[in-house]
Amino acid sequence: MSQLLILAAEKENPLVPPIPELVIGLIAFVIVFGFLAKKLLPNINKVLDERREAIEGGIEKAEAAQTEAQSVLEQYKAQLAEARHEAARLRQEAQEQGATLIAEMRAEGQRQREDIIAAGHTQIDADRKAASQALRQDVGKLATDLAGKLVGESLEDHARQSRVIDRFLDELEEKAEAAR
């Protein structure tokens, strides 16, 4: 440094500042640096620590959220699988109920068909009896008229007419049964 002082004293170099300015600048720098170190550095460190904690907390929160999302996803998948199983069970029950309902409807239809057939047979028997009775009366009347014309006398007597008709029809029925 002494050479520097000697050189500075000999000539004024524009690159070398004067010593009193250099000392004052150095003192001002130390004061400003000390002030910044005492006041601003703790605040800067505090802000940096808060940021680091926020970032670390954010990462922890993100990991916790991801873990929670994973558990929710697993629950959702389990619920979905359960819902699919339930849907399959309900579909199976519906198919069974449908098959049962179809079987019941078939049985009901069969029963109604048999009832209709039985009613038809009953109606046919009643119609056949009514037709037989009407035919018996018509045949009796014709037979009486024919017999009266053949005999030459009137067979108008009701009791006699009934006996003749019944005897004639009974003979016809016996012949029909014998033919079978």
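Quick caveat: nothing in here was measured; it's all calculated off a predicted structure.

A. Quick look at the overall build of the protein chain. What the protein chain contains, in helices and strands, is 3 helices and 0 strands. Within the span of the protein chain, comprising 180 residues, buried residues form 4% of the whole. Total accessible area on the protein chain stands at roughly 16,000 Å², and carbon and sulfur atoms take up 61% of it.

B. Seen up close, the pattern of salt bridges. Scanning the entire structure with this criterion turns up 7 salt bridges. A salt bridge links R111 to E108, with the nearest nitrogen and oxygen atoms 2.3 Å apart. Within this pair, R111 and its partner E108 are both found in helix 2 (residues 19-151), separated by 3 residues, close to a single helical turn. We classify R111 as partly exposed; its relative accessible area is 39%. What makes E108 partly exposed here is its relative accessible area of 30%. Note that R128 is salt-bridged to D125, the shortest N-O span being 3.0 Å. Residue R128 and its partner D125 are both found in helix 2; the two are separated by 3 residues, about one turn of the helix. Connected through shared salt-bridge partners, D49, R52 and E56 make up one network.

C. Quick look at a negative patch on the surface. Together, D170, E171, E174 and E177 line one region of the surface with negative charge. Mapped onto the secondary structure, E171 falls in helix 3 (residues 158-179). You can call E171 partly exposed: its relative accessible area is 41%.

Conventions used here
Residues numbered from 1 in each chain as written. Predicted model: local features only at pLDDT ≥ 70, side-chain atom pairs only at ≥ 80, totals over all residues. Heavy atoms only, no water. Helix = DSSP H or I, 4+ residues; strand = E, 2+ residues; numbered from the N terminus. Buried < 20%, exposed > 50% of the residue type's maximum accessible area, 1.4 Å probe, protein only. Areas by Shrake-Rupley, 256 points an atom, 1.4 Å probe, with all protein chains shown as cover. Salt bridge = Lys/Arg side-chain N within 4 Å of Asp/Glu carboxyl O. Patch = residues over 30% accessible without salt bridge, like charges linked within 9 Å, V, L, I, M, F, W, Y side chains within 5 Å. Lys, Arg positive; Asp, Glu negative; His and termini not counted. Charge placed at Lys NZ, Arg CZ, Asp CG, Glu CD.

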